[in-house]
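Listed here are the chains, written in short residue letters.
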Amino acid sequence: MPASTLQSLLPETLAKIEKISDLKTLENLEVEVLGRKGKLTDMLRGIKDLSDDKKKTFGQEANKIKLELESAFAQKRDKLEKKALSEKLKTEIFDITEPGIKPEVGHVHPLSKVQWEVENIFSQMGFAIMDGPEIESEYFNFEGLNIPAHHPARDMQDTFFIDKEHDPKFGKLVLRTHTSPVQVRTMQKYGAPLRIIVPGRVFRYEATDASHDTTFDQVEGLLIDKNISLAHLKGVLEELLTRLFRQKVVVRFRPGYFPFVEPGLEVDFSCLLCEGKGCRVCKHSGWMEFMGAGMVHENVLKSGGIDPKEYQGWAFGFGLTRLVLMRYGIDDIRLLKSSDPRFLEQF
Ligand code: PHE
């Protein structure tokens, strides 16, 4: 085929476009004619050898041809695309009775589920739900709770400190080792009487294994009023556990030591599996360890600005995380924070 001239390029190409019946061939032709290495570009390259006069007319002519070709290609493409679509619609079957694709919906984490249940039960017994900072000052985490700097109970002090300027009056900043600091914060803010629980995260410098984690959840409880005794605590706890585990649960107190309570208690509840008869799960004791508790120490009431002669009360703190493990029979604490869908989908 003789090389195209500028004049012959238009009719030649239009004729070819006319015959094309598929998009791919059309696209190839467009590249061949209008592309960066195409025929028209090629011809325009010769323009520099022409006289000024001819340059102008040649340029104008070439531009006109280019526009015409572009529009011819566009029209044909449009036509072919429409044709392809209508053919597709003719053969495609759209079954309106076919069930849709169900979107995946997540659900509440087992820890939150149990937390909400605990909150619900306590709310119905007249407790307010409180919150406090996870980055706490030494004062609220220790001193305010009758744990002075020299006290051996400060071994928990072997914990995570925050390297940041802080009002020296309150000591250094620390990741709270328990939810108890919120006892003092709430007393200072609201005074007596008081009936609160504080669910929240706590942090300990601890080697991780199936039953220990550096980060876990506790629920603190505090009741301050007149004529309060540990009998009230027992009643509240048995109500909580019986409702939570949907079976009759009995609570027992043993003496225990925490600097912020006097007297202090260790609290157990009857084994859920054998109901106190003794089995493998409770190591044949019939009891499960539950938490620490006791009558609020008068120094703590004073830290909170409450007169110990007028008011007294009890406090407790239990591991919500452990309760979740027991409630669902989960055998490794690390699963709870794993975000592993194979684990989470079971709840
Ligand atoms: N704060 C204690 C702990 O983390 C638990 C506790 C709370 C004990 C309140 C007594 C009273 O172990």
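Owing to the predicted nature of the structure, the values given are computational and were not obtained by experimental measurement. (Residues numbered from 1 in each chain as written. Predicted model: local features only at pLDDT ≥ 70, side-chain atom pairs only at ≥ 80, totals over all residues. Heavy atoms only, no water.)

## Focus on helix 7 (residues 181–190)
At step 1: All buried positions along helix 7 are accounted for by Pro-181, Val-182, Gln-183, Val-184, Thr-186 and Met-187.
At step 2: Directly after helix 7, the chain includes Gly-191, whose backbone phi takes a positive value near 65 degrees. (Buried < 20%, exposed > 50% of the residue type's maximum accessible area, 1.4 Å probe, protein only. Helix = DSSP H or I, 4+ residues; strand = E, 2+ residues; numbered from the N terminus.)

## Concerning the site of the ligand
At step 1: If you check the shell around the ligand, you find 14 residues, and the closest are His-178, Ser-180, Arg-204, Gln-218 and Gly-317.
At step 2: A distance of 2.9 Å separates a nitrogen atom of the ligand from a polar side-chain atom of Ser-180.
At step 3: A distance of 3.0 Å separates an oxygen atom of the ligand from a polar side-chain atom of Arg-204.
At step 4: In isolation the ligand has 320 Å² of accessible area, and contact with the protein removes 91% of it.
At step 5: Elements with a contribution of two residues or more to the shell around the ligand: strand 6 (215–225), strand 9 (287–296) and strand 10 (312–319).
At step 6: Element by element, the count of residues in the shell around the ligand is highest for strand 10, at three residues.
At step 7: For the shell around the ligand, the residue count by class is six nonpolar, six polar and two charged. (Near = heavy atom within 4 Å. Polar contact = N/O pair within 3.5 Å; in protein donor to acceptor, adjacent residues only side chain to side chain. Areas by Shrake-Rupley, 256 points an atom, 1.4 Å probe, with all protein chains shown as cover. Nonpolar A, V, L, I, M, F, W, Y, C, P; charged D, E, K, R; others polar.)

## Details of the packing of helix 1 (residues 6–19) against helix 2 (residues 23–34)
Axes are the key here: two packed helices are described by the angle between their axes and the distance separating the axes.
At step 1: The contact between helix 1 and helix 2 brings their axes to 11 Å, and the two run at 170 degrees. When the axes of helix 1 and helix 2 are compared, the pair comes out roughly antiparallel. Residues Leu-9, Thr-13, Lys-16 and Ile-17 of helix 1 touch helix 2, and the partners they reach there are Leu-26, Leu-29, Glu-32 and Val-33.
At step 2: Residue classes in the contact of helix 1 with helix 2 are distributed as five nonpolar, one polar and two charged. (Axes fitted to C-alpha atoms, helices over the stretch in contact; angles between N-to-C directions. Parallel < 35°, antiparallel > 145°, perpendicular 65-115°, else oblique. Contact = heavy atoms within 4.5 Å.)

## Regarding the nonpolar core
At step 1: Counting residues in hydrophobic clusters, the biggest one holds 48 residues, and the most contacted among them are Val-118, Phe-269, Phe-290, Trp-314, Phe-316 and Phe-318.
At step 2: Listing elements by their share of this core, those giving two or more residues are helix 5 (110–124), strand 6, helix 8 (230–245), strand 8 (261–270), strand 9, strand 10, helix 10 (320–328) and helix 11 (341–344).
At step 3: Residues contacting Phe-318, with those up to four places away along its chain left out, are Val-118, Asp-217, Gln-218, Val-219, Leu-240, Phe-290, Met-291 and Leu-323.
At step 4: Formed by 20 residues, the second largest nonpolar core is a distinct cluster that contains Met-187, Leu-222, Ile-224 and Val-296. (Core = buried A, V, L, I, M, F, W, Y, C linked by side-chain atoms within 4.5 Å.)

## What about the pattern of salt bridges?
At step 1: Applying the stated criterion across every chain yields a total of 22 salt bridges.
At step 2: For Asp-52, the salt bridge identified is with Lys-55, shortest N-O distance 3.9 Å. Taken together, the residues Asp-52 and Lys-55, both in helix 4 (residues 52–91) and three residues apart, mark about one turn of the helix.
At step 3: Accessibility expressed as a relative area gives 64% for Asp-52, which makes it exposed. (Salt bridge = Lys/Arg side-chain N within 4 Å of Asp/Glu carboxyl O.)

## Some details on the domain arrangement of the protein chain
You'll often see interface size given as the accessible area lost when the parts meet.
At step 1: The domains assigned to the protein chain are domain 1 (3–91) and domain 2 (110–344).
At step 2: The centre of domain 1, based on its C-alpha atoms, is set 80 Å off from the matching centre of domain 2. (Domains from an automatic or database assignment.)

## Observations regarding the sheet that holds strand 10
At step 1: The strand order 1-5-6-10-9-8-7 describes an open sheet built from seven strands, whose pairing is mixed. One side of each edge strand has no neighbouring strand; the edge strands of this open sheet are strand 1 (128–129) and strand 7 (251–256).
At step 2: Across two bridges, strand 1 lies against strand 5 (residues 194–203) in parallel orientation. By the bridge assignment for strand 5, Ala-128 is matched with Ile-196.
At step 3: In the packing of helix 5 onto the sheet, contacts are made with strand 1, strand 5, strand 6 and strand 10, and the angle to strand 5 comes to roughly 165 degrees.
At step 4: The strands that helix 10 touches are strand 6, strand 8, strand 9 and strand 10; relative to strand 10, the one it contacts most, it runs at about 55 degrees. (Pairing = 2+ DSSP bridges.)

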